[in-house]
Amino acid sequence: MPETHYIEGSGWRTGVLVDPDPRPVTAPKLMPTHGEYPIYDATLYDPMTTDTERTWRFREALERYAPDRVVLDIGTGSYLFWARESLRAGAGRVIAMETMQGSYDAASRALESLDDGDRVTLLHGESTTLVIEQKAELCVAEIIGSLASAEGAAAVLADAKRRHLTPDAAIIPDVCSTRAAAVSFAGLFAGRVPAFSPDALPQLQRIFDWNGGPFDVRLRIADPAPDGIMSDHAAVERLEFNGNLRAEQASQVRLTIDRPGVADGILTWLVIQCLPDQKPLDALRDQTNWASIYLPLFDTGVPVTAGDTVDLSFGSVLSEDGVHPDYHISAELRTAHGVHRAEHASLYQRGGRHSHPLYRTLLP
Ligand SMILES: C[S@@+](CC[C@H](N)C(=O)[O-])C[C@H]1O[C@@H](n2cnc3c(N)ncnc32)[C@H](O)[C@@H]1O
């Protein structure tokens, strides 16, 4: 049975509902989103480096573009992962940037033991403030979230195009989109009582410390049960890194309910491709470290039946830092019994508290 744990920091304290029972390997797992926060450590880097669906796609693009080029690796992490892959693919030189101090220090140590480390220049800081002398001819940046733009990829790469890259430089990945479907949280969670996984506790501690207090952090579900998906799906944002890259977007889509049940929110997930002619990775279908994000809408579930529609507005607006977006979602659900409207703001920082009953349950 879930139990409440308490975490606290300077001037704040919150309960966190945690399910201590071991979860079967494929059961849904609830965590806070983490990619957009400076909390990376080996527990977060390692699942990325072992994500074979991710690796082959980035590697294929590096093999096509990197030979003899100057490559910029934005967000190289502790392991210099794409910097090393770029060298392996034949890059002439690599400039690697990392903003987190601990990750930069680890990357510096990794660089010392690299045979061709003299071809890598490692810089500490945000790519948006760093200055480089020689422009790069290729950029690789895995700063892509389960909501594609959540880690700031659109603003960061727009800046890189302006200041760090030659006019004809390619960017890897090529295109990312966020897809959305109407869902039932209980269905996604396979009827289990909603509660965080125990390993959410240290992540929540670090996110709330960084934020200066608890807030309604985005909810990340790994291995959601397909029974929770109540509608067809549609793209709500599209980042074209080698095309018209927009840092803020607004979209309106209509989702059609395709089974009877209850709908209370939307699930979003990433679709990413590193080359125009490459099979996209779909985070809901493929085995990958990218999970999905549940965004609550209706306070109590609305009974729905096949053919009902959800008119969804989805907007991303850059938050105060000018890099990481806030998301504003509104929905109009039409059923035979009437029209139900709901809104949700999913903020990067200093977000609301208990904006939906689910947050009151999870973070009492
Ligand atoms: C998702 S991890 C990817 C790590 C590694 N590149 C990989 O793919 O395995 C993103 C990394 O980028 C760093 N980062 C994010 N935005 C950055 C920026 N604008 N400039 C430099 N580093 C950034 C984060 O600190 C984190 O280490």
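Residues numbered from 1 in each chain as written. Predicted model: local features only at pLDDT ≥ 70, side-chain atom pairs only at ≥ 80, totals over all residues. Heavy atoms only, no water.

In the nomenclature of an unreviewed UniProt entry, the protein chain corresponds to Protein arginine N-methyltransferase 1 from the organism Pilimelia terevasa.

## Regarding the site of the ligand
The ligand sits among 21 residues. The nearest are Tyr45, Arg54, Gly75, Trp82 and Glu98. A distance of 3.4 Å separates a nitrogen atom of the ligand from a polar side-chain atom of Glu126. Burial of the ligand by the protein chains amounts to 95% of its free accessible area of 600 Å². When contributions to the shell around the ligand are tallied by element, the ones reaching two or more residues are helix H1 (42-49), helix H3 (81-88) and strand S5 (93-98). For the shell around the ligand, a count of residues per class yields 10 nonpolar, six polar and five charged. (Near = heavy atom within 4 Å. Polar contact = N/O pair within 3.5 Å; in protein donor to acceptor, adjacent residues only side chain to side chain. Areas by Shrake-Rupley, 256 points an atom, 1.4 Å probe, with all protein chains shown as cover. Helix = DSSP H or I, 4+ residues; strand = E, 2+ residues; numbered from the N terminus. Nonpolar A, V, L, I, M, F, W, Y, C, P; charged D, E, K, R; others polar.)

## Digging into the packing of helix H2 (residues 52-65) against H3
Remark: H2 packs on H3, axes separated minimally by 9 Å, with the N-to-C direction vectors making an angle of 45 degrees. In terms of their interaxial angle, H2 and H3 are classed as oblique. By crossing handedness, the relation of H2 to H3 is classed as right-handed. Residues Arg54, Thr55, Phe58, Arg59 and Leu62 of H2 pack against Phe81, Trp82, Glu85, Ser86 and Arg88 of H3. Here the contact of H2 with H3 is built from residues that sort into four nonpolar, two polar and four charged. (Axes fitted to C-alpha atoms, helices over the stretch in contact; angles between N-to-C directions. Parallel < 35°, antiparallel > 145°, perpendicular 65-115°, else oblique. Left-handed = near helix turned anticlockwise from the far one by under 90°. Contact = heavy atoms within 4.5 Å.)

## Re H2
With 14 residues, H2 extends 20 Å between its outermost C-alpha atoms, agreeing within 8% with the 20 Å of an ideal straight helix rising 1.5 Å per residue. Considered for burial, the residues of H2 that qualify are Arg54, Thr55, Arg57, Phe58, Ala61 and Leu62. On the buried face of H2, the contacting elements are H1, H3, strand S7 (136-141), strand S8 (165-172), strand S14 (265-273) and strand S15 (281-282). (Expected span 1.5 Å × (residues − 1). Buried < 20%, exposed > 50% of the residue type's maximum accessible area, 1.4 Å probe, protein only.)

## Description of the pattern of salt bridges
In the structure shown here, the tally under the stated rule is 20 salt bridges. Residue Glu8 is joined to Arg13 by a salt bridge in which the shortest nitrogen-to-oxygen separation is 3.4 Å. The salt bridge involving Glu36 is made with Arg218; its shortest N-O contact spans 2.7 Å. Of this pair, Glu36 sits in the loop between strand S3 (29-32) and H1 while Arg218 is found in the loop between helix H7 (200-211) and strand S10 (219-222), placing the two residues 182 residues apart along the sequence. Across this residue pair, the class does not change: Glu36 and Arg218 are buried. (Salt bridge = Lys/Arg side-chain N within 4 Å of Asp/Glu carboxyl O.)

## Considerations on the side chain of Thr335
Locating Thr335 in the fold gives a position in strand S19 (residues 325-335). Since its relative accessible area comes to 13%, Thr335 is described here as buried. Those residues in contact with Thr335 that sit more than four places away from it in its chain are Val302, Pro303, Val304, Asp308 and His340.

## Quick notes on empty space enclosed by the protein
Within this structure, the stated rule accounts for one cavity of 30 Å³ or more. By volume, the largest cavity amounts to about 40 Å³. The wall of the largest cavity is formed by Ala182, Ala263, Gly265, Ile266, Leu297, Phe298, Val310, Ala331 and Leu333. Its residues placed into classes, the lining of the largest cavity shows eight nonpolar, one polar and no charged. (1 Å grid on protein atoms, 1.4 Å probe; cavity = no way out; pocket = protein on both sides within 12 Å on 5 of 7 lines; lining within 4 Å. Points joined across faces, edges and corners; volume = space filled by probe spheres on them.)

## A short note on the domain arrangement of the protein chain
Domain boundaries assigned for the protein chain yield domain 1 (3-33 + 176-362) and domain 2 (43-173). Surface buried jointly by domain 1 and domain 2 totals about 3,000 Å² across both partners, of which 62% is contributed by carbon and sulfur atoms. Looking at the side of domain 1 facing domain 2, the largest losses of area belong to Phe241, Cys274 and Trp290, adding up to 21% of the total buried there. Where domain 1 meets domain 2, there are one salt bridge. Ionic pairing is found between Asp277 and Arg64, a salt bridge with its closest N-O pair at 3.2 Å. (Domains from an automatic or database assignment. Buried area = accessible area lost by both parts, 1.4 Å probe.)

## Let's talk about the pairing of S5
Counting buried positions along S5 gives five out of six residues, so the element sits mostly inside the fold. Strand direction decides the pairing type here: strand S4 (residues 70-74) and S5, joined by five bridges, are parallel. Residue Val71 lies in a different strand from S5, and its bridge partner there is Val94. Bridge count for S5 against strand S6 (residues 120-124) is five bridges, and the pairing is parallel. Each residue of the ladder has a partner; that of Ala96, found in S6, is Leu122. Crossover handedness for the path S5 to helix H4 (residues 101-112) to S6: right-handed. (Pairing = 2+ DSSP bridges. Right-handed = clockwise from strand over helix to strand, strands pointing away.)

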